[in-house]
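# An overview of the molecular structure
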Amino acid sequence: MRNDFRDKAVLITGGTKGIGLATGLAFGRHGAKTYLTYRWGSADEDAVRRQFAEIDAPEPAILEADVSKDDEAVTLLETIKERHERIEVFVSNVAVVQPAMGIESYRKRSLLRSLEYSAWPFVGYLQHIDEIFGELPRYALGISSDGPDNYFSHYEYVAASKAVMETMCRYLSRHLRDRDIRMNIIRSRNVLTDAVTEIFGSKYVEFMSKYAGVENFMHSEEIANTALALCSGMMDAMSGQVIQVDKGAAFADTLMRTMEQLEKWGEL
């Protein structure tokens, strides 16, 4: 690691579970002071703190904040400002799934709600950080998926929101090219978290493991390590990029690959 994260503020929205928690632990291992947000009592704070203690990382600050509410974002950032002059890393990780069941079920409000939680915080938090701290984070990351380019059942609201976040990242990188900030998007697919089951159902992991291959699943730690690398100082030439992290699964996700799996399982 080139950058020294000791005592630096790392803010991760949706940081108490899955990818967000793994990212917090990755930075915590390097001495960062992590600020993990959650919403509506969804966090087991003792369990989260225990995981940080097990790796001798600084105890995280676990704060309730709804990313769609400006007043809660401001309160959160003012709390961090009392302890730090700058936010070193901001990770926009929250996504709220509004399932869609086809054209008859489409609702404008559902799309707007998804945008409020899954796209706008990447922009809104940067605006608030700039106003409150007088400078932007040194690094900003958005956690996306390959939903904009691939079909997933009932996923169109989230996919549209991720596409918006990716687009805004590119434009912001251009507009802020003279400021001390590097911003990128991490795209992933099939990450083994509780959210996968919540979104796609309990049979999804079993089905995908059998017919696509369990080796194509990503793990939260792999996404977290990518985030850490992008903020390490060794990739500072990268900004405004959408980085696909999937171990080549997108390339292999074809009918040919399905045929190979069926042959492997003796079903063809």
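Our subject in this report is the structure included herewith. (Residues numbered from 1 in each chain as written. Predicted model: local features only at pLDDT ≥ 70, side-chain atom pairs only at ≥ 80, totals over all residues. Heavy atoms only, no water.)

## Describing the layout of surface pockets
Estimates place the volume of the largest pocket at around 1,200 Å³. Lining the largest pocket we find 41 residues, and of these Asn 93, Ala 95, Thr 193, Ala 195 and Glu 198 sit closest to its centre. Contributions of two or more residues to the lining of the largest pocket are made by helix 1 (18-28), strand 2 (33-38), strand 5 (139-145), helix 6 (156-175) and helix 7 (194-200). For the lining of the largest pocket, the element with the highest residue contribution is helix 7, accounting for 6 residues. (1 Å grid on protein atoms, 1.4 Å probe; cavity = no way out; pocket = protein on both sides within 12 Å on 5 of 7 lines; lining within 4 Å. Points joined across faces, edges and corners; volume = space filled by probe spheres on them. Helix = DSSP H or I, 4+ residues; strand = E, 2+ residues; numbered from the N terminus.)

## Digging into the pairing of strand 5
Looking along a regular strand, one sees side chains alternate from face to face of the sheet. Counted residue by residue, strand 5 has 7 buried out of 7 residues, so it is predominantly covered. Residue alternation in strand 5 divides its side chains into two sets, Tyr 139, Leu 141, Ile 143 and Ser 145 and Ala 140, Gly 142 and Ser 144, and both sets are buried. In the sheet, strand 5 pairs with strand 6 (residues 182-188) via 7 bridges, with the strands oriented parallel. The residue bridging Ile 143 from the neighbouring strand is Ile 186, located in strand 6. As a crossover connection, the stretch from strand 5 through helix 6 into strand 6 is right-handed. (Buried < 20%, exposed > 50% of the residue type's maximum accessible area, 1.4 Å probe, protein only. Pairing = 2+ DSSP bridges. Right-handed = clockwise from strand over helix to strand, strands pointing away.)

## Some points on the pattern of salt bridges
By the definition in use, this model includes 16 salt bridges. Members of the salt-bridge network, linked through shared partners, are Arg 2, Arg 86, Glu 88, Glu 135, Arg 138, Asp 180, Arg 182 and Asp 236. (Salt bridge = Lys/Arg side-chain N within 4 Å of Asp/Glu carboxyl O.)

## Concerning the side chain of Glu 166
Its location among the elements puts Glu 166 in helix 6. Among the residues examined, Glu 166 registers a relative accessible area of 3% and is labelled buried. Reaching out from Glu 166, the side chain makes a polar contact with the side chain of Arg 187 at a distance of 2.8 Å. Sequence-distant contacts of Glu 166, defined by excluding residues within four places in its chain, comprise Ser 144, Ser 145, Pro 148, Ile 185, Arg 187 and Val 242. (Polar contact = N/O pair within 3.5 Å; in protein donor to acceptor, adjacent residues only side chain to side chain. Contact = heavy atoms within 4.5 Å.)

## Regarding the packing of helix 5 (residues 120-133) against helix 6
The axes of two packed helices give the description: the angle between them and the distance between them. Here helix 5 crosses helix 6 at 40°, and the two axes come no closer than 8 Å. Side by side, helix 5 and helix 6 meet where Phe 122, Val 123 and Leu 126 of the first sit next to Met 165, Met 168, Cys 169 and Leu 172 of the second. Residue composition of the contact of helix 5 with helix 6, grouped by class: 7 nonpolar, no polar and no charged. (Axes fitted to C-alpha atoms, helices over the stretch in contact; angles between N-to-C directions. Nonpolar A, V, L, I, M, F, W, Y, C, P; charged D, E, K, R; others polar.)

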